[in-house]
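Chain and residue survey
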Amino acid sequence: MSFWEELRAYKDFDFDGFLRRTSPEDVRRVLGGESRAPLDFLTLLAPAAAGCLEEMARRAQDITRRNFGNVILLYTPLYLANHCVNHCRYCSFNAGHRIERRQLSMDEIREEAEAIAGLGFQDLLVLTGESRSVTPISYLEEALGVLKGYFPALGLEIYPLTTDEYRRLIEAGADYLTIYQEVYNPQVYAYMHPRGPKRDYFFRLDAPERAAASGMRGVTIGALLGLDDWRRETFFTGLHAAYLQRKFPQVEVGVSVPRVRPNVGGFIPPVSVDDRELTQIILALRFFLPRAGISVSTRERPWLRDHLLRLGVTRISAASVTAVGGHARPEVGTEQFQPADNRTVEEIKAAIIACGYQPVFKDWHRLW
Amino acid sequence: MTKEDRLVIGGKSLKSRLFIGTGKLPNKLLPGVIAASGTEVVTVALRRVDFRSPQENPVAYIPENVIIMPNTSGARNAEEAVKIARLAQAAGCGNWVKIEVITDQKYLLPDNEETVKATEILAKEGFVVLPYIMPDLIIARRLEEVGAAAVMPLGAPIGSNRGLRSREFLRILVEEITTIPVIVDAGIGKPSEAAAAMEMGVDAVLVNTAVATAGDPVLMAGAFAAAVKAGREGYLAGLGPSSLYASASSPLTGFLHEVSK
């Protein structure tokens, strides 16, 4: 059984009708109750819920503080390579773009690791484009072997792998996996990914559960907001997370809410998701998934991130460099996207403390 | 009489019967919370202990006379819990350990079976082991046998602030587990619930979320301290029997007195 079967069950569901009929009273009934059925979640994503954001925010804050306390985990990404064979319309690393392609050597990885660890980070998210020839599993294994020495927790955000390959990388030091479906609507998925192995919708859809089955401690999923109707996309993201929680109760399941950012190629997202809508998305996810970590990256600006901290977010990235090798040598390379929050780690820590929260750099300690 | 009332665990004699969890509190609030609570045992997740930057550590905010009880949060089986306990000891966190083995991330319910395994191994190694468990008498007896220093049954799921939902089972543990202390961990949301637990005869309570999420955590820590003391004294004083029925003016068994006349 795959999540696809659950997703397919909504094929003929009248989303527009349900969302249109949902009233503010329906929203308040869900917020006041304990039921967390899929349609309760969808109720909170309805246009009517936009008028109940304050009530949703209070509920979300209460749920988050009870489950996670007043604590925010800080992490940062490290891009190993920007070689990619895919043609994702929204991504700067698109194989069709004429950008300088780079790949870090093991020495350069060590340099980057030192620079990042020097900033205080202990939780690192390792990223690469999809290129099995330039960045094969053996390269990733070697890179993790180096990074293990610097970081007690390592996450991966890379192309989807087989169960055996995930096992190899866990063995090499990976603790967590982030993989976004990008868009759950198969038609839009096909349009957004015109060429390359990423065209395989199902291999990607099942990747989080292959990782979970391989023994990954946690998986974070998400839809790239802006590619299709955000209400449905968020609904399926939530359902996917709940499915993973049910099937792999030992795995920490998280969700992320990335919005499309300016990129090489000038892709304009077909759907706009404004700040109020992003807030509604986070609040609805928090209610539906009380125990799921929610990440907000430097795709969002400081003002918004500081406000979202109080509403359900549990992890934020900081001091993000989305170009390959940019930590040790800031002058190099093309960014995957332009970060919107360019504050230093110290500035972000101070902002978190000012909100009454504790910034933490470490939330896991690799045991082997 | 209450002057000599002490809780003895792992050879330590404790005056306070309130343990405090740190996982949800900003570090800077810790000293105030610890002082107001009068606690002598504070639990810290090893997964959060930052070995590289001591100033970022919750441990740095805990006074020296307070026992640090590292917990094995994040462990998914006995093997991981044992490894975490050893790491904590090697890092200088002492030999107390709260075993937390969680195989359900959604409800954070403890895995009793793995917990027994980890307790047995660590107790043999000389750790003072306090396992977090579902309130199950059979498991608590097993833990008693394998050398646990106390048992820590949950009152309700972690972070739920729902109070003593497992009251009937806690009552059984209080009754039957007599060689080691019974400490209610998780679920206590209000000082009155801590007092109720102590009145039942549990030996101590551990509170985290209720203090951390209070509007004024320091004031709440003091309120819990007072509640735990009141509940304990109520228990020691011997609560009067309560009855649902008022004494009838014409007792149903009054005739028995007539017979005896």
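As the structure is a computational prediction, the values presented were derived from the model and not from experiment.

Right, let's talk about unusual backbone geometry for a bit. Trans is the common state for peptide bonds, and a negative phi is the common state for residues other than glycine. Residue and element names in this part refer to chain A. Positive phi is not limited to glycine here, since Glu182 has a value of about 75°. When you line up the elements, Glu182 lands in the loop between strand E4 (176–178) and helix H9 (186–192). The phi dihedral of Ala319 falls on the positive side, at around 50°, and the residue is not glycine. With respect to the helices and strands, Ala319 occurs in the loop between strand E8 (315–317) and helix H15 (345–354).

Let's shift gears to the pattern of salt bridges. For the coordinates displayed, the defined rule picks out 41 salt bridges over all chains. A salt bridge links A:Asp175 to A:Arg366; its shortest N-O distance comes to 3.3 Å. Of this pair, A:Asp175 sits in the loop between helix H8 (163–172) and E4 while A:Arg366 sits in the segment after strand E9 (358–360), and the two are 191 residues apart along the sequence. Accessibility classification places A:Asp175 together with A:Arg366 in one group, the buried group. For B:Glu114, the salt bridge is made with B:Lys117, and the minimal N-O distance between the two is 2.8 Å. Of this pair, B:Glu114 and B:Lys117 both sit in helix H3 (residues 112–124), three residues apart, which is roughly one turn of the helix. A relative accessible area of 16% places B:Glu114 in the buried class. Taken together, the salt bridges that share partners define one network made up of A:Arg217, A:Glu252, A:Asp363, B:Arg47, B:Arg48, B:Arg76 and B:Glu80.

We now examine the packing of helix H7 (residues 137–147) of chain A against H8(A). All names here are of chain A. At a closest axis distance of 8 Å, the pairing of H7 and H8 adopts a crossing angle of 20°. As the angle between them shows, H7 and H8 are arranged roughly parallel. In this structure, H7 meets H8 at a crossing whose hand is right-handed. Contacts between H7 and H8 involve Ile137, Ser138, Leu140, Glu141, Leu144 and Gly145 from the first element and Glu165, Arg168, Leu169 and Ala172 from the second. Tallied by class, the residues present in the contact of H7 with H8 amount to five nonpolar, two polar and three charged.

What counts and how
- Residues numbered from 1 in each chain as written.
- Chains lettered and ligands numbered in written order.
- Predicted model: local features only at pLDDT ≥ 70, side-chain atom pairs only at ≥ 80, totals over all residues.
- Heavy atoms only, no water.
- Helix = DSSP H or I, 4+ residues; strand = E, 2+ residues; numbered from the N terminus.
- Salt bridge = Lys/Arg side-chain N within 4 Å of Asp/Glu carboxyl O.
- Buried < 20%, exposed > 50% of the residue type's maximum accessible area, 1.4 Å probe, protein only.
- Axes fitted to C-alpha atoms, helices over the stretch in contact; angles between N-to-C directions.
- Parallel < 35°, antiparallel > 145°, perpendicular 65-115°, else oblique.
- Left-handed = near helix turned anticlockwise from the far one by under 90°.
- Contact = heavy atoms within 4.5 Å.
- Nonpolar A, V, L, I, M, F, W, Y, C, P; charged D, E, K, R; others polar.

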